[in-house]
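Below, each chain spelled out in residue letters.
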Amino acid sequence: MTEHNPKHRGPTSRHDAARSGQRRRRTSHNQASGAARRTDPARLAAFRSLRAVTADDAYANLALAEHTEGLSGRDAAFATELVAGTCRGLGLFDAIIVSAAGRELRTLQPAVVDLLRLGTHQLLDLRVPAHAAIAATVDLGRSAVSERVTGVVNAILRKVGAHDLDGWADRLRADRPDARALLARHPQWIIDAFADILPAPEVEALLAADNTAPVTHLVVRPGLAEVDELGGEPLRWSPFGATAAGSPSAIIAVREGRAGVQDEGPQLVAWALARV
């Protein structure tokens, strides 16, 4: 940082003015380059995927496949959690953002809304420290959207982070008639449909289970691989499968086509049909 000179009154010629403008442009470029270097590739992939979902009606899994290509397994997994978790909690997060911002979402740039959604998920659902979640989202906004959006992103996320999820639940219950549906992270019509066929305790359990991130199941091709080659815990019902202990592509049997990804339910259906 240069020392401030109290006698300096700014550029005294067009040449000095041009040099001053060049310095400002270099500073802005350096700041943008620094933000690009700091941006977490997983968060950037998640942001681009979420933009595709909200702006272009893309399927989340296809958008993620496109934007996580080339990432490490760890970064791809984090990006997937960011997008899947944000999509599950979209209605809830939007209500929280509106309350924290004191303004409707339509008054914000759509890309900013997606930044705030990702940041809110990290603040309230994930074990990301508040300062890290806010700083990372601000850096993401600077590099992926514009320097101009950083102030509003920082201000709103700080207000979101002023309460934990339980605190926001209390505020929503007091302020919103649709709080139950928001907190259950399901549209009301789905809750009503469940309630038509299930006892109340089972509805709540089903809603909670429906919000649980799924575990990837693997299946062996009978006669070509053994379950212990999959590396995870054997499945409860199917004798042909196990949970994935990491990225399926890291398992030799999967790479060689002797095993693959398949939920336990379809494994049982195939087994039953094979015995008819």
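See the structure printed just above.
Below: a short report on this structure. Every chain's residues receive numbers from 1 upward, in the order its sequence appears when written. Owing to the predicted nature of the model, reporting of local features is limited to residues with pLDDT of at least 70; listing and counting of side-chain atom pairs is limited to 80 or more, with chain, interface and lining totals taken over all residues. No hydrogens and no water enter the side-chain calculation; it runs on all heavy atoms of the structure.

1. Examining the overall build of the protein
Let me state the cut-off plainly: In DSSP terms, a helix is any run of H or I states spanning at least four residues, a strand is any run of E spanning at least two, and both are numbered starting from the N terminus. Only protein chains enter the accessibility calculation, which uses a 1.4 Å probe; a residue is then buried when its area is under 20% of its type maximum, exposed when over 50%, and partly exposed in between. Pairs of residues are marked as contacts when any of their non-hydrogen atoms sit within 4.5 Å. Throughout, the Shrake-Rupley method with a 1.4 Å probe supplies accessible areas, and for residues the shown protein chains are the sole cover considered.
A tally of regular secondary structure across the protein gives 14 helices and three strands. Every one of the 276 residues in the protein was classed for burial, and the buried ones make up 37%. Of the contacts formed within the protein by residues at least 6 apart in sequence, a portion of 62% connects residues at least 24 apart. As displayed, the protein has an accessible area near 16,800 Å², and 54% of this comes from carbon and sulfur atoms.

2. Side note on the environment of Gly85
By the secondary structure assignment, Gly85 is in helix α4 (residues 73-88). In this structure, the C-alpha to C-alpha distance between Gly85 and Asp125, residues 40 residues apart in sequence, is 8.2 Å. Beyond its immediate sequence surroundings of up to four residues, Gly85 is in contact with Thr80, Phe93 and His121.

3. Overview of the sheet that holds strand β3 (residues 259-261)
Going by this rule: Note on pairing: two strands pair once DSSP finds at least 2 bridges between them. Simply put, an axis is a line fit to the C-alpha atoms, just over the touching stretch for a helix, and the angle between two N-to-C directions goes from 0 to 180 degrees.
In spatial order, the strands read β2-β1-β3; together these three strands make up an open sheet with antiparallel pairing. Every interior strand has two partners, whereas the edge strands, β2 (241-243) and β3, have only one. Averaged over all pairs of adjacent strands, the angle between strand axes in this sheet comes to 30 degrees, irrespective of strand direction. Where strand β1 (residues 217-220) meets β2, three bridges bridge the pair, whose relative direction is antiparallel. Opposite Leu218, over in β2, you have Ala242 as the bridge partner.

4. Description of the pattern of salt bridges
This is how it is decided: By salt bridge we mean one thing: a side-chain nitrogen of Lys or Arg within 4 Å of a carboxyl oxygen of Asp or Glu.
Summed over all chains, the structure comprises 13 salt bridges. The residue Arg51 makes a salt bridge to Asp114 at a minimum N-O spacing of 2.7 Å. Linking Arg51 in helix α2 (residues 41-56) with Asp114 in helix α6 (residues 110-124), this pair joins segments that are 63 residues apart in sequence. Among the residues examined, Arg51 registers a relative accessible area of 21% and is labelled partly exposed. Two residues, Glu204 and Arg180, come together in a salt bridge whose shortest N-O distance is 2.5 Å. Of this pair, Glu204 sits in helix α12 (residues 200-210) while Arg180 sits in helix α10 (residues 179-184), and the two are 24 residues apart along the sequence. Judged by relative accessible area, which is 40%, Glu204 ranks as partly exposed. Note on Arg180: relative accessible area 44%, which makes it partly exposed. Via salt bridges that share partners, Arg51, Asp94, Asp114 and Arg117 belong to a single interconnected network.

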